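# Coordinate inspection notes
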Amino acid sequence: VFSPPTPAPTPPFMVDVADPPATATQARARARSGGTWINQSATPPGRASCSIGPDEQGCVVRGIVPRNAGGAAITAWEMRWGADHQEVYYSDMCVRSAEAQFPVALEPGQQCVAQVRCVNWVGPGSWSAAAVFRREKGQVPAQPAPPRLLAPTPDGGTMGWAPVRGATEYCVYVEGRFVTVTDQTTATVALPPGRHSAVAVAA
């Protein structure tokens, strides 16, 4: 008797769930040497943003802190990801930063689905929406010409570059750090104030 193969299950983290209501947590703190007690009130962070760009071994998952950080400093980042609907893997890093980057090794043709969330002293925020990246097989597109500034913005600028034959996406880097991915030949990026920044594009 022939039985058709069972389809691969969808990773559970691909289901987008709304943020639960945030509950404030109270705490009191003071220096070890004594002094006045300080009352603190905070909630877990809001939902972070997640994007994925390529690197030599596969891809880099990038998390960006939400506007609502819960009223407390970010103390850590967490990521969960799966490749081609297989086992779900978890990674974490203790970094007090507004963003985090997690490298993921992928075979040619393999797909990565990932989510990130940030943590403060109250606890973790909600998982981000899932981001998807597939490492392509075959020939790699040519390197684009250096991007140029098309128009300044309050916190950076809109960069543009010539299209590359065969390219389906472009990844933008600022000072060697992955910023965003787009299927257009322009991108608006944030730049550090008061100094020149190196912006690069990969097809």
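Residues numbered from 1 in each chain as written. Predicted model: local features only at pLDDT ≥ 70, side-chain atom pairs only at ≥ 80, totals over all residues. Heavy atoms only, no water.

## Focus: the overall build of the chain
- Helix and strand counts for the chain come out as zero helices and 15 strands.
- Of all 203 residues assigned to the chain, the portion counted as buried reaches 35%.
- Within the chain, counting contacts between residues at least 6 apart in sequence, those at least 24 apart form 60% of the total.
- Split by element, the accessible area of the chain, about 12500 Å² in all, is 53% carbon and sulfur. (Helix = DSSP H or I, 4+ residues; strand = E, 2+ residues; numbered from the N terminus. Buried < 20%, exposed > 50% of the residue type's maximum accessible area, 1.4 Å probe, protein only. Contact = heavy atoms within 4.5 Å. Areas by Shrake-Rupley, 256 points an atom, 1.4 Å probe, with all protein chains shown as cover.)

## Let's talk about the sheet that holds strand S6 (residues 88-93)
- In spatial order, the strands read S6-S5-S8-S9; together these four strands make up an open sheet with antiparallel pairing. Both edges of this open sheet fall to S6 and strand S9 (131-134), since each of them pairs with a single strand only. Strand-to-strand, the axes of this sheet are offset by a mean angle of 25°, without reference to chain direction.
- Summarising the sheet, strand S5 (residues 76-83) and S6 pair through six bridges and their orientation is antiparallel. By the bridge assignment for S6, Met79 is matched with Ser91. (Pairing = 2+ DSSP bridges. Axes fitted to C-alpha atoms, helices over the stretch in contact; angles between N-to-C directions.)

## Description of the pairing of strand S12 (residues 170-174)
- Taking burial as the measure, the five residues of S12 include five buried ones, the bulk of the element.
- Of the two faces of S12, the one carrying Tyr170, Val172 and Val174 and the one carrying Cys171 and Tyr173 are both buried.
- Across five bridges, the pairing between S12 and strand S13 (residues 177-182) is antiparallel. Residue pairing for S13: Tyr170 is matched across the bridge by Thr182.
- Between S12 and S13, which pair antiparallel and follow one another directly, the connecting turn spans two residues, one of which, Glu175, has a positive phi of 55°.

## So, the sheet that holds strand S7 (residues 99-105)
- Reading across from one edge, S3-S4-S7 is the order of the three strands in this open sheet, with antiparallel pairing throughout. Looking along the sheet, the strands with just one partner apiece sit at the ends: strand S3 (49-55) and S7. Strand-to-strand twist of the sheet, defined as the mean angle between neighbouring strand axes without regard to direction, takes the value 20°.
- Note that S3 and strand S4 (residues 58-64) share seven bridges and pair antiparallel. Among the inter-strand pairings, Cys50 is bridged to a residue of S4, identified as Gly63.

## With respect to the state of the cysteines
- All chains considered together, the criterion is met by zero disulfides.
- Of the cysteine sulfurs around Cys59, a residue in no disulfide, the closest is that of Cys112, at 4.2 Å.
- Under the relative-accessibility criterion, Cys59 is labelled buried at 0%. (Disulfide = S-S within 2.5 Å.)

## Concerning the pattern of salt bridges
- On inspection of all chains with the given rule, the structure shows four salt bridges.
- Measuring nitrogen to oxygen at the nearest pair gives 2.6 Å for the salt bridge that ties Arg117 to Glu78. One end of the pair, Arg117, is in strand S8 (residues 111-119); the other, Glu78, is in strand S5, and 39 residues separate them in sequence.
- In this structure, the salt-bridge partner of Arg195 is Glu175, at a minimum N-O distance of 3.5 Å. (Salt bridge = Lys/Arg side-chain N within 4 Å of Asp/Glu carboxyl O.)

## Here we look at unusual backbone geometry
- At Glu175, a residue that is not glycine, the phi angle is positive and equals roughly 55°.
- Take Glu175: it is sitting in the loop between S12 and S13.

## Some details on the packing of aromatic side chains
- For the structure on display, the rule yields two aromatic pairs.
- Between Tyr173 and Phe178, the ring centres sit 5.9 Å apart and the planes meet at 65°, which makes this aromatic pair edge-to-face. For the pair shown, Tyr173 and Phe178 are each scored as buried. (Phe/Tyr/Trp six-rings, centres within 6.5 Å; stacked < 30°, edge-to-face > 60°.)

## Focus: the pairing of S5
- Of all eight residues in S5, seven are buried, a share of seventy percent or more.
- Of the pairings in the sheet, the one linking S5 to S8 comprises eight bridges and is antiparallel in character. Residue pairing in the sheet places Gly82 in a bridge with Val113 of S8.

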